[in-house]
Amino acid sequence: MLRSAAAELRKEIHMNVQISHRLHTSAPAAARALVRIVIVGEVDHGKSTLIGRLLHEAGGLPDGKLDALKAMSARRGMPFEWSFLLDALQTERDQGITIDTSQIRLRTATRDIVLIDAPGHAEFLRNMITGAAQADAAVLIVDATEGVRDQTRRHGYILHLLGVRQVMVVINKMDRIDFDAGKFREIESEITAHLALGLDLTAVAVIPISARNGDGVARHTSSLAWYRGPTVLAALDAFAPARQPHDLALRMPVQAIYKFDDRRILAGRIESGHMRVDDDILVMPAGKRARIKSIEAWPVPESSQVPRVASAGQSVGITLDRAILVDRGDVISAASHPAAGVTRLRARVFWLHRRPLAVGGRITARIGTAEAGGVVAAIENAVDPGLLASDGAEVIGPNHVGDIDIDLSRTLATDSHTDNPNTGRVVLEFEGRIAGGGLILSTQAAAANPAYGPRPNRSAAVAAPVPCAHTTPQQLSAKAAALARLFARLSPAERLVRLRREVAGKIVFTTSFGLEDQVILHLLSQQESGIEVLTLDTGRLFPETYALWAQTERRYGLRIRALYPRHADLEALIERQGINGFYHSPAARGACCAVRKVEPLERGLAGAQAWITGLRAEQSAHRRNMALATADTERGLIKLNPLFDWTREQLHMFVSDHDLPVNPLHAQGFASIGCAPCTRALAPGEPERAGRWWWEEESKKECGLHSHR
Ligand code: GDP
């Protein structure tokens, strides 16, 4: 009923109301910084209301328009909605009156703000990655009555994918929860922990507001007297503008070379920086040095007016002081900060072609005015932006996003997108058509690019885990505690599904083929989670364990990734303490575990945001103090123990109900099975882990994988 009345009203707006151009087409004053901001949030959380309110509060609405809209609502007996302002803008767009209402302009005290419309997140992602839209910052809106939802998490993940670093969170509809500070703090801690953990994003402010009533938008009101932070307008004003092309190093991709008499004129558009006559430049990728002799102009001007300087945005022709070979596609670069010459690069691409992009796929890569043949050498982090579910396999489907390494047929000049957004982009052609485009993450494929967050890195040997730079141990612990509370109500299968949704990035499950591990692997095999399965082959496992490993791979049709000790460390260990030195002292045993298990594990967990293990409370007194989800602050990850609260009986029942392959040693009295020399069967009545390192003191027998170092 209400909906149809609202639809009627909208129709009337479309017929009667126009808002003048002044609102959104006025050019920004040159001296004021411009910040492009995307507002994201779930439908109905109040995006349009906030935008309407901001337009009003920032004083950009023409006189009388607001009153006209209010009067129209009153005539219809409808409560006034701030979103009607946007409908009115939409009307103008439909009538072709305004140039572009998907970009709404506002003025704060010191900034010109462009609010970018984010129609749907897949579209937004495509526009951003392919360069159709650029956001320097984001406002994430959360409805206080609903809290953090899946969609909120997805939007956070998208901002992370795009490397949008500045995020303001507004908790809207505070009026509907009676401006309750306690509830606000709960949502605030959940969303900040979520953004920090895995997404590597820090909220510059979390602001309680009522977009409809205006509290917290431009003014502090008595309803929010307990809130001391900035208003939305003040926080918008504090966003840093992106570095302007003028502030970056000189890049001029050469478009054409013209020969006039004996002069060779290099023509192109200056993408960033500026050039002066007599500047030293490098022609990349060859790295040839020269000096700018002239900047040409037509018709040939009086000598006093011959240009000596040109800057970003201008198309120019230049001559150099010496005869060097320059080709179309070369990049004239500042000699002090040249573009990189690359034959391999890593890019985050949006794939448009109906046929998926696979490893080994042949494409043409275009960067600036250059192009080269390319072969896709690796694909990682492929996701469906609609679901934000991992594609798992090494392909990127149509309209999906993923990171690719490209081997180029020749050296091209480029920059990473974080160094220079103007030149750090690649366009991909496939079967003669433009098939994708993206951001250049790194000019050395497989080199980590911290700006885009941690990601799996197969080739590098990472000695020590590096916790996410912006996640404090407190945030990690808060997130773990929240997850533990959530997981308590769920089954192990649901816990795994939920973990995948709550944690973006790499998740690792380590198996030693124990009963718990077999159950978890079985549950994972039922889901499309993209969770990595690893095992640590110490070199001293039982033959039965190796047989079970092979049998498990066959049953689930997968290859389990094995990590081995570093050979130099192992040789040094044996040199020091002999092949069975671990029997001599707990220290010698610890040294063996460190080389054979702990160090390989650290490599396996490098870059992971979460780690799944088969720990159960019942296994030992030490393990009883753990929980369903804990914060491993040293490794900077969440540890999920999905079977933590299961009894041995539950475990056995599941194994037999699903006919899971298990280690035949269990039938001979072995419980927890590790390396052969260090594991024995249990005597009747002994606790579960009594069969491990039986010559040591019972209470602290851990190898270091699960106990803090
Ligand atoms: P959008 O889909 O995110 O653009 O959401 P809208 O701006 O259209 O808002 C959805 C509904 O929430 C509308 O009925 C608004 O009136 C209502 N709404 C938005 N902000 C507030 C608020 O601060 N308080 C209350 N009570 N309702 C609000």
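About the cut-offs
Residues numbered from 1 in each chain as written. Predicted model: local features only at pLDDT ≥ 70, side-chain atom pairs only at ≥ 80, totals over all residues. Heavy atoms only, no water. pLDDT = per-residue confidence, 0-100. Contact = heavy atoms within 4.5 Å. Pairing = 2+ DSSP bridges. Helix = DSSP H or I, 4+ residues; strand = E, 2+ residues; numbered from the N terminus. Axes fitted to C-alpha atoms, helices over the stretch in contact; angles between N-to-C directions. Parallel < 35°, antiparallel > 145°, perpendicular 65-115°, else oblique. Left-handed = near helix turned anticlockwise from the far one by under 90°. Nonpolar A, V, L, I, M, F, W, Y, C, P; charged D, E, K, R; others polar. Near = heavy atom within 4 Å. Polar contact = N/O pair within 3.5 Å; in protein donor to acceptor, adjacent residues only side chain to side chain. Areas by Shrake-Rupley, 256 points an atom, 1.4 Å probe, with all protein chains shown as cover. Buried < 20%, exposed > 50% of the residue type's maximum accessible area, 1.4 Å probe, protein only. Phe/Tyr/Trp six-rings, centres within 6.5 Å; stacked < 30°, edge-to-face > 60°.

Trainee: Mind showing me how you'd approach the confidence of the model for the protein chain here?
Mentor: Caution applies to low-pLDDT regions: their predicted coordinates should not be interpreted in detail. Per-chain confidence: the protein chain averages 82 in pLDDT, with 82% of residues scoring 70 or above. Long-range and interchain partners of residues 12-29, a stretch whose pLDDT sits below 50, account for 54 contacts in this model, where long-range means more than four residues apart. A low-confidence stretch, residues 445-470 stays under pLDDT 50, and its non-local contacts, those more than four residues away or across chains, total 65 contacts.

Trainee: Could you clarify how one ought to interpret the pairing of strand S18 (residues 370-384) in this entry?
Mentor: A regular strand places its side chains so that they alternate between the two faces of the sheet. Where strand S17 (residues 362-367) lies against S18, six bridges are found, and the strand directions are antiparallel. In the strand pairing of S18, Ala-365 is matched with Ala-372. Linking S17 back to S18 in an antiparallel pair, the connection comprises two residues, with Gly-368 at a positive phi of about 60°. Where S18 and strand S21 (residues 400-414) come together, seven bridges link them in antiparallel fashion. Residue pairing in the sheet places Val-376 in a bridge with Ile-406 of S21.

Trainee: Got a minute to help me understand the packing of helix H12 (residues 515-525) against helix H13 (residues 543-556) in this structure?
Mentor: In a pair of packed helices, the angle between the axes and the distance between the axes together describe the arrangement. Running from amino to carboxyl end, H12 crosses H13 at an angle of 20°, the nearest separation of the two axes being 11 Å. If you check the angle between H12 and H13, you find them roughly parallel. Pair H12 / H13 crosses with right-handed handedness. Within the contact between the two elements, H12 uses Gln-518, Leu-521, His-522 and Ser-525 and H13 uses Leu-548, Thr-552, Arg-555 and Tyr-556. Partitioning the contact of H12 with H13 into residue classes produces three nonpolar, four polar and one charged.

Trainee: Would you mind showing me how to read the site of the ligand here?
Mentor: In the vicinity of the ligand, 16 residues are found, and the nearest of them are Asp-44, Ser-48, Thr-49, Glu-81 and Asp-175. In the model, an oxygen atom of the ligand is placed 2.7 Å from a nitrogen or oxygen of the Asp-44 main chain. The fraction of the free accessible surface of the ligand (580 Å²) that becomes covered by protein chains is 85%. In terms of residue count, helix H3 (residues 47-57) provides more of the shell around the ligand than any other element does, three residues in total. Broken down by class, the residue content of the shell around the ligand amounts to two nonpolar, six polar and eight charged.

Trainee: Any chance you could explain the pairing of strand S6 (residues 202-208) here in plain terms?
Mentor: S6 sits mainly inside the fold: five of its seven residues count as buried. Two strands pair when backbone bridges link them, and strand S5 (residues 166-172) and S6 are joined in this way by six bridges, in the parallel orientation. Residue Met-168 lies in a different strand from S6, and its bridge partner there is Ala-205.

Trainee: How do you make sense of the sheet that holds strand S13 (residues 315-320) when you look at a structure like this?
Mentor: Adjacent strands of a sheet form backbone hydrogen bonds with each other and so pair up, either parallel or antiparallel. Reading around the barrel, the six strands line up as S7-S8-S13-S11-S10-S14 and close back on themselves, with antiparallel pairing between neighbours. Adjacent strand axes in the sheet meet at a mean angle of 50° when their direction is disregarded. Note: strand S10 (residues 280-284) against strand S14 (residues 331-334), four bridges, orientation antiparallel. Paired with Ile-281 across the bridge in S14 is Ala-334.

Trainee: Even after reading the chapter, I still don't get the packing of aromatic side chains, so can you show me in this structure?
Mentor: For any two aromatic rings, the description comes down to two numbers: the centre-to-centre distance and the angle of the planes. According to the stated counting rule, one finds 11 aromatic pairs in the structure shown. Between the aromatic rings of Phe-184 and Trp-226, the centroid separation amounts to 5.5 Å while the plane-to-plane angle is 45°, which identifies the pairing as tilted. Note that Phe-184 is positioned in helix H8 (residues 181-196) and Trp-226 in the loop between S6 and helix H9 (232-238), a separation of 42 residues in sequence. Take Phe-184: its relative accessible area is 0%, and that puts it in the buried class. Judged by its relative accessible area of 24%, Trp-226 falls in the partly exposed class. Where Tyr-546 meets Trp-549, the ring centres are 6.0 Å apart and the plane angle is 20°; that geometry is what we call stacked. Within this pair, Tyr-546 and its partner Trp-549 are both found in helix H13, separated by three residues, close to a single helical turn. Through successive ring pairs, a cluster of aromatic residues spans Phe-80, Trp-82 and Phe-84.

Trainee: What is the right way to read the sheet that holds strand S26 (residues 561-563) from this model?
Mentor: One open sheet holds the six strands; their spatial order is S26-S25-S24-S27-S29-S28, and the pairing between them is mixed. A single partner strand is all that each edge strand has here, and the edge strands are S26 and strand S28 (629-632). Averaged over all pairs of adjacent strands, the angle between their axes in this sheet comes to 30°, without regard to strand direction. In the sheet, strand S24 (residues 506-511) pairs with strand S25 (residues 532-536) via four bridges, with the strands oriented parallel. Paired with Thr-511 across the strands is Thr-535, a residue of S25. Contacts from helix H10 (residues 473-488) reach S28 and strand S29 (637-640) within the one sheet, and its direction differs from that of S28 by about 165°.

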